[in-house]
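Chain and residue survey
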Amino acid sequence: MTAAIGALVIGDEILVGKRSDKHFPFLVEALTRRGLRLAFCEVHGDDPARLTATLKRTFAAGDIAFSFGGIGATPDDHTRQCAADALGVPLALHPDAEREIRARFGGEVTPNRLAMGTFPEGASIIPNPVNRIPGFSIAEHHFVPGFPQMAWPMIEWVLDTKYAQLVDRDRWQEGSILVFEAGESQLIALMEQVGARFPGVKVFSLPSMGAGGERRHVELGVRGVPGEVPAALEALHAGVREAGFPFRET
């Protein structure tokens, strides 16, 4: 079974509206450039029990997951401990993380700063190009800070270092038309027919009430295996013409 790629965004500040998540669009774009796709994205607060249960599930599924946030040294940063609990291993100061932290702070190293280098036993570090306090990887899960300036280059490093062999695994193409004078219910049979004929694509519809002078319409399209998309899109064209609905290309 092909491993799914997912994201976990951690922090009460997202759920209470003090911060807006920026990691989801970044990760979608970073994966798309490499011909990969995001299968899921979950936002979780700083609840250790819930986060541990989530990590147990994603570890058990064999997913590739990128986790943003909660790996600092303050009392509300639980992600490192939750990852260790989910795997049933202890936290330990990682020697590579200790080296990076000592190189960053020199004689100003404190126990709290070293605590940011305690990771689940068996983890490897993710280099942090901004302040040298690393993240960590374990069991195809990759944990980085919540700060985009640090997290994003760290994720790029993980993708290029650990998953170069996956490039183009999920490469996909999309095509669509805007259908006028039709409701979604009037297009269901056509969508089912095209989906059955072309198993390598997904048929989708997005209704719009119209904006900026645009008429109400349904965006009807296909996305999936590049080799099947042109023929599947032409099948949609033919079906819409036969039904007598006006349409135009997007």
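Details of the structure are given in the entry above.
The text that follows walks through the structure, step by step, so that each part is easy to find. (Residues numbered from 1 in each chain as written. Predicted model: local features only at pLDDT ≥ 70, side-chain atom pairs only at ≥ 80, totals over all residues. Heavy atoms only, no water.)

Remarks on the packing of helix H3 (residues 48-61) against helix H4 (residues 79-87)
Stated formally: Angular values range over 0 to 180 degrees, each being the angle between N-to-C directions of two axes fitted as lines to C-alpha atoms, with helices fitted over their stretch in contact. Put simply, DSSP H or I for four residues or longer makes a helix, DSSP E for two residues or longer makes a strand, and each gets a number counted from the N terminus. Put simply, angles under 35 degrees are roughly parallel, angles over 145 are roughly antiparallel, angles from 65 to 115 are roughly perpendicular, and the rest are oblique. Crossings are sorted by hand: turned counterclockwise from the far helix by less than a right angle, the near helix makes the crossing left-handed, and turned clockwise it makes it right-handed. Note on contacts: a residue pair qualifies if any of its non-hydrogen atoms lie within 4.5 Å across the two residues. Three classes are used, and their members are as follows: Ala, Val, Leu, Ile, Met, Phe, Trp, Tyr, Cys and Pro are nonpolar, Asp, Glu, Lys and Arg are charged, and the others, Gly among them, are polar.
Where H3 meets H4, the axes come as close as 8 Å, and the angle between the chain directions of the two elements is 50 degrees. On the basis of the axis angle, H3 is oblique to H4. Of the two possible hands of crossing, H3 and H4 adopt the one that is right-handed. Between H3, through Pro 48, Leu 51, Thr 52, Leu 55, Lys 56 and Phe 59, and H4, the contact on the second element is made entirely by Thr 79, Cys 82, Ala 83, Asp 85, Ala 86 and Leu 87. For the contact of H3 with H4, a count of residues per class yields eight nonpolar, two polar and two charged.

Considering the environment of Leu 236
Rule in force here: Exposure is judged per residue with a 1.4 Å probe applied to protein chains only, and the accessible area is read against the type maximum: over 50% gives exposed, under 20% gives buried, and values in between give partly exposed.
Mapped onto the elements, Leu 236 comes out in helix H9 (residues 229-243). For Leu 236, a relative accessible area of 0% corresponds to the buried category. Residues Leu 236 and Gly 221, 15 residues apart in the sequence, show an inter-C-alpha distance of 7.6 Å. Look past the residues within four positions of Leu 236 in its chain and what remains in contact with it is Leu 190, Val 194, Val 203, Leu 220, Gly 221 and Val 222.

Focus: helix H7 (residues 148-162)
Note the following rule: Given a helix with a known number of residues, its expected span is that number minus one, times 1.5 Å.
Under the 1.5 Å per step criterion, the end-to-end length of H7 is 20 Å for 15 residues, consistent within 8% with the ideal 21 Å. Regarding H7, the residues found buried are Met 150, Ala 151, Met 154, Ile 155, Glu 156, Val 158 and Leu 159. For H7, the elements touching its buried residues are helix H2 (23-33), strand S3 (64-68), strand S6 (124-126), strand S7 (135-138) and strand S8 (141-144).

A closer look at the packing of aromatic side chains
So the rule is basically this: Any two of the Phe, Tyr and Trp rings considered here, Trp counted by its six-membered ring, make a pair once their centres fall within 6.5 Å; the pair's planes then place it as stacked at under 30 degrees, edge-to-face at over 60, or tilted in between.
Evaluation of the coordinates by the stated rule reveals three aromatic pairs. Taken together, a centroid distance of 4.7 Å and an interplanar angle of 5 degrees make the contact between Phe 26 and Trp 152 stacked. Taken together, the residues span a long stretch of sequence, with Phe 26 in helix H2 and Trp 152 in helix H7 at a distance of 126 residues. For Phe 26, a relative accessible area of 11% translates into the label buried. Ring centres 4.8 Å apart and planes at 25 degrees place the aromatic pair Phe 119 and Phe 136 in the stacked group. In this pair, Phe 119 sits in strand S5 (residues 118-120) while Phe 136 sits in strand S7, placing the two residues 17 residues apart along the sequence. The exposure classification of Phe 119 matches that of Phe 136, with both residues buried.

What to know about the packing of helix H8 (residues 188-197) against H9
H9 packs onto H8 with a crossing angle of 150 degrees between their chain directions and a minimal axis gap of 10 Å. Relative to H9, the element H8 is oriented roughly antiparallel. Like other packed secondary-structure pairs, H8 and H9 cross with a definite hand, here right-handed. Every residue of H9 that contacts H8 at Leu 190, Val 194 and Arg 197 is listed here: Ala 232, Ala 235, Leu 236, Gly 239 and Val 240. Looking at the contact of H8 with H9 residue by residue, the class counts come to six nonpolar, one polar and one charged.

With respect to a nonpolar patch on the surface
Test applied: Only residues whose relative accessible area exceeds 30% and that take part in no salt bridge are eligible for patches, with like-charged residues grouped when within 9 Å of each other and nonpolar side chains (Val, Leu, Ile, Met, Phe, Trp, Tyr) grouped when within 5 Å. Areas reported here follow the Shrake-Rupley algorithm with a probe of radius 1.4 Å; residue values treat only the protein chains shown as occluding. Salt bridge, as used here, is a side-chain nitrogen of Lys or Arg placed within 4 Å of a carboxyl oxygen of Asp or Glu.
On the surface, Leu 15, Val 16 and Val 43 cluster together to form a nonpolar patch covering roughly 270 Å² of accessible area. Tracing the sequence through the fold places Leu 15 in helix H1 (residues 12-15). On the basis of relative accessibility, which here comes to 52%, the residue Leu 15 falls in the exposed class.

Digging into the layout of surface pockets
As a reminder of what qualifies: The method works on a 1 Å grid over the protein atoms by themselves. A cavity is a set of points holding a 1.4 Å probe that cannot get out, a pocket is an open set with protein on both sides within 12 Å along at least five of seven lines, and residues with an atom within 4 Å of a point line them. Grid points are joined across faces, edges and corners, and a volume is the space filled by probe spheres set on the points.
Its boundaries defined by the atoms lining it, the largest pocket holds a volume of some 790 Å³. Along its surface, the largest pocket is lined by 31 residues, and Glu 13, Gly 69, Pro 145, Gly 146 and Phe 147 are the ones closest to its centre. When contributions to the lining of the largest pocket are tallied by element, the ones reaching two or more residues are strand S1 (5-10), H1 and H7. Residue contributions to the lining of the largest pocket peak at three residues, all from H7. Of the pockets and cavities examined, the second largest pocket occupies roughly 300 Å³.

Some remarks on the sheet that holds S6
Convention followed: Any two strands with at least two DSSP-identified bridges between them are counted as paired.
The strand order across the open sheet formed by six strands is S2-S1-S3-S8-S7-S6, and the pairing between neighbours is mixed. One side of each edge strand has no neighbouring strand; the edge strands of this open sheet are strand S2 (40-44) and S6. Sheet twist, expressed as the mean angle between neighbouring strand axes with direction ignored, is 20 degrees.

Points about the side chain of Asn 128
Position of Asn 128 relative to the elements: it lies in the loop between S6 and S7. With residues up to four places along the chain from it excluded, the contact list for Asn 128 reads Ile 133, Pro 134, Pro 145, Met 150 and Met 154.

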